[in-house]
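Each chain is listed here by its residues.
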Amino acid sequence: MNIDWAALASVFGVSLVITIALVGLFTLGITGLARQTTTAQSGGGGILARTGAYACFALCAAAVAYGIFLIVV
């Protein structure tokens with residue numbers, strides 16, 4: 001059995017970076033929703049915060065869908 005350690009390290013590195021990016025993006029979405037709620041309570045609109053949060057969630061969903069697509073196809 002021959003293990004290509006360079007390829008294994010490459011897959012690990014890419015997986016780590018993508019995981020950190022997705023978690024960060026989802027965190028930005030949650031923060032945007034919290035900011036929208038805080039802004040709405042203080043009298044502001046919060047439309048920009050809500051739109052940004054939904055964009056972050058949409059990007060997370062697109063990344064997950066792409067990952068599932070790669071696994072299936």
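Here, every reference points to the structure presented above.
My aim in this report is to walk through the structure given alongside it, one point at a time. Since the structure is predicted, the reported quantities are computational estimates derived from the model, not experimental observations. (Residues numbered from 1 in each chain as written. Predicted model: local features only at pLDDT ≥ 70, side-chain atom pairs only at ≥ 80, totals over all residues. Heavy atoms only, no water.)

**What to know about the overall build of the protein**
Put simply, the rule reads: A helix here means a DSSP run of H or I that spans at least four residues, while a strand means a run of E at least two residues long, and both kinds are numbered starting from the N terminus. Our radius of gyration is a C-alpha quantity, and the globule rule it is checked against amounts to 2.2 Å times the number of residues to the power 0.38. Here's how the labels work: a residue is buried when its accessible area is under 20% of the maximum for its type, exposed when over 50%, partly exposed in between, all with a 1.4 Å probe on protein chains only. All accessibility values rest on the Shrake-Rupley procedure with a 1.4 Å probe; residue burial counts only the protein chains present in the view.
Along the protein, the regular secondary structure elements total two helices and zero strands. Taking 2.2 N^0.38 as the reference for a compact globule, 73 residues should give roughly 11 Å; the C-alpha atoms of the protein span a radius of gyration of 18 Å, well beyond that estimate. The principal-axis extent of the C-alpha atoms belonging to the protein is close to 65 × 25 × 10 Å. Out of the 73 residues in the protein, the part that is buried amounts to 11%. Of the roughly 5,600 Å² of accessible surface on the protein, a fraction of 75% belongs to carbon and sulfur atoms.

**Examining the side chain of Q36**
For clarity, the threshold we go by: In what follows, a contact means two residues having at least one pair of non-hydrogen atoms within 4.5 Å.
One can find Q36 in helix 1 (residues 5-41). Judged by its relative accessible area of 14%, Q36 is buried. Those residues within four positions of Q36 in sequence are excluded, and the remaining contacts are G46, A49 and R50.

**Some words on the environment of I3**
Tracing the sequence through the fold places I3 in the segment before helix 1. We classify I3 as partly exposed; its relative accessible area is 40%. With 45 residues separating them along the chain, I3 and L48 place their C-alpha atoms 49 Å apart.

**A closer look at helix 2 (residues 47-72)**
Note the threshold: Given the number of residues in a helix, its expected span is that number minus one, multiplied by 1.5 Å.
Between its first and last C-alpha, helix 2 extends 37 Å over 26 residues, near the 38 Å set by a 1.5 Å rise per residue. Regarding helix 2, the residues found buried are A49, A53, C56 and C60.

**With respect to the packing of aromatic side chains**
How we decide: When two rings of Phe, Tyr or Trp (its six-membered ring) have centres within 6.5 Å they constitute a pair, described as stacked for plane angles under 30 degrees, edge-to-face for angles over 60, and tilted for the intermediate range.
Per the stated rule, a full pass over the model turns up two aromatic pairs. Relative to F57, the ring of F26 has its centre 5.2 Å away and its plane inclined at 55 degrees; by these criteria the two rings are tilted. Of this pair, F26 sits in helix 1 while F57 is found in helix 2, placing the two residues 31 residues apart along the sequence. By relative accessible area, F26 is classed as partly exposed at 41%. The exposure class of F57 is partly exposed, given its relative accessible area of 21%. Ring centres of Y66 and F69 lie 6.4 Å apart, and the angle between their planes is 25 degrees; this geometry places the pair in the stacked category. Residue Y66 and its partner F69 are both found in helix 2; the two are separated by three residues, about one turn of the helix.

Just geometry here; none of it tells us what the structure is for.
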